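Fold and geometry: a report
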Amino acid sequence: MKSSFLLSIALSSLLTPAYAATQFTEAEQAEMVTAHNTYRSEVAIPAIKWSTTLANTAQAYADKLKTTNACKMVHSGASGLGENLYWASPIKQSNGTSKPQTMTHTKAVDSWGSEKANYTYATNTCAENKVCGHYTQVVWKNTTEIGCGKAICADNSQVLVCNYTPAGNFVGQKPY
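Each chain carries its own residue numbering, running from 1 in the written order of its sequence. For a predicted model such as this one, the threshold for reporting local features is a pLDDT of at least 70, and the threshold for listing and counting side-chain atom pairs is 80 or more; totals across whole chains, interfaces and linings nevertheless cover every residue. The basis for every side-chain value is the complete set of heavy atoms in the structure, and neither hydrogens nor water enter the calculation.

**A look at the overall build of the protein**
Looking only at helices and strands, the protein features four helices and nine strands. Remark: exposure states derive from per-residue accessible area (1.4 Å probe, protein chains only) relative to the maximum for the residue type, with buried under 20%, exposed over 50%, and partly exposed in between. Here the protein, with 176 residues, has 47% of them falling under the buried criterion. Working rule for contacts: check all heavy atoms of both residues, and any pair within 4.5 Å makes them a contact. In the protein, once contacts between residues fewer than 6 apart in sequence are set aside, the share between residues at least 24 apart is 74%. Note that accessible areas follow from Shrake-Rupley with a 1.4 Å probe, and for residues the cover is restricted to the protein chains shown. Total accessible area computed for the protein in this model is approximately 8,500 Å², and 55% of it derives from carbon and sulfur atoms. Counting from the N terminus, the helices are the DSSP runs of H or I reaching at least four residues and the strands are the DSSP runs of E reaching at least two.

**Some words on the pattern of salt bridges**
Any Lys or Arg side-chain nitrogen found within 4 Å of a carboxyl oxygen on Asp or Glu counts as a salt bridge. In total, this model carries three salt bridges according to the counting rule given. Across the pair K150 and E28 runs a salt bridge whose closest N-O atoms are separated by 2.8 Å. Here K150, found in strand β8 (residues 145–152), pairs with E28, found in helix α1 (residues 26–42); they are 122 residues apart in sequence, far enough to count as distant. Here K150 matches E28 in class, with each residue buried. With a closest N to O distance of 3.2 Å, E42 and K116 form a salt bridge. With E42 in helix α1 and K116 in the loop between α3 (105–113) and β6 (119–120), the pair connects residues that are 74 residues apart, well separated along the chain.

**Focus: the packing of aromatic side chains**
Two rings from Phe, Tyr or Trp (for Trp, the six-membered ring) form a pair when their centres sit within 6.5 Å of each other. Planes less than 30 degrees apart are called stacked, planes more than 60 degrees apart edge-to-face, and all others tilted. Per the counting criterion, the structure on display carries four aromatic pairs. The interplanar angle of 15° and the centroid separation of 4.7 Å between the aromatic rings of Y121 and Y176 together place this pair among those described as stacked. A residue pair is termed long-range when its members are at least 10 positions apart, and Y121 in the loop between β6 and β7 (125–126) and Y176 in the segment after β9 (158–165) qualify at 55 residues. Judged by centre distance (6.0 Å) and plane angle (65°), the ring pair of W140 and F170 falls under edge-to-face. Within this pair, whereas W140 is found in the loop between α4 (133–138) and β8, its partner F170 is found in the segment after β9, the two being separated by 30 residues in sequence. Charge over a ring is defined by NZ of Lys or CZ of Arg lying within 6 Å of the ring centre and within 35 degrees of the ring normal. Its guanidinium or amino end placed over the ring of Y121, K174 lies 4.3 Å from that ring's centre, counting from NZ or CZ.

**What about the nonpolar core?**
To form a nonpolar core, buried Ala, Val, Leu, Ile, Met, Phe, Trp, Tyr and Cys residues must be joined to one another through side-chain atoms within 4.5 Å. By size, the foremost hydrophobic cluster in this structure holds 26 residues, and its most contacted members are M32, W50, W112, I146, C148, L160 and C162. Those elements giving two or more residues to this core turn out to be α1, β3 (82–88), α3, α4, β8 and β9. Considering every element that reaches this core, the biggest residue donor is α1, with four residues. By size, the runner-up hydrophobic cluster in this structure holds 12 residues, among which are C71, A151, C153 and V161.

**Digging into the pairing of β9**
In terms of burial, β9 is a largely internal element, seven of the eight residues being buried. The pairing of β3 with β9 spans seven bridges and is antiparallel. Bridge pairing in β9 places A88 opposite Q158. As paired elements, β8 and β9 share eight bridges and run antiparallel to each other. Across the sheet, G147 pairs through a bridge with N163, a residue of β9. Two strands pair under a simple rule: DSSP has to find at least two bridges between them. Where β8 folds back on β9, the antiparallel hairpin that results is connected by five residues, among which N156 adopts a positive phi of roughly 75°.

**A look at the side chain of R40**
Relative to the elements of secondary structure, R40 occurs in helix α1. Of the side chains bearing the opposite charge, E42 lies closest to the buried R40, which forms no salt bridge; the N-O distance is 11 Å. Within the local environment of R40, its side chain forms a polar contact with the backbone oxygen of P46, the two atoms lying 2.8 Å apart. Asp and Glu count as negative and Lys and Arg as positive, but His and the ends of the chain are not part of the count. Polar contacts, as counted here, are pairs of nitrogen or oxygen atoms within 3.5 Å of one another; within protein the pair requires one atom able to donate a hydrogen and one able to accept it, and residues that are adjacent in sequence qualify only if both atoms are side-chain atoms.

**Structural notes on the environment of A62**
Mapped onto the secondary structure, A62 falls in helix α2 (residues 52–69). The buried category is assigned to A62, whose relative accessible area is 0%. The spatial distance from the C-alpha of A62 to the C-alpha of C148 is 8.8 Å, given a sequence separation of 86 residues. Ignoring sequence-local partners within four residues, the contact set of A62 consists of G149, K150, A151, V159 and V161.

Spelled out as structure tokens, the structure:
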């Protein structure tokens, strides 16, 4: 059984990581940027670009979630950064073992982007009992850079952390 859990929030205190090299290849970086820019182009806002600095921050936090939090989703609280989190469950096999599910970076961004259906631009609100903050961070007009990190946990679940600068999701402000 596959499941995904995601969280997003604009954050308010700077994470000072002991940098771990990002696990994203150049092709994965390009995939992540392209997936974000697809949603951004739908609302006619400028494209974002990859930031190695943000990726290192995100990777350090993904590693921390893996080692100290068993991949349970908790936001970092990093100042000045926006943050989207994505979690993918392991695939449980009939013999009792598990393995990581195939998780493309486009799939993660599409899960955030699917919240567009819950967002009403005219009133700048989410539908009742729905979430749309991941989507609004993806399309926050003033955001110019993204960096992401990922980790596979002991139970073969996966966590993906994306940081954004400048941050988005300010109360009372429209994303674009």
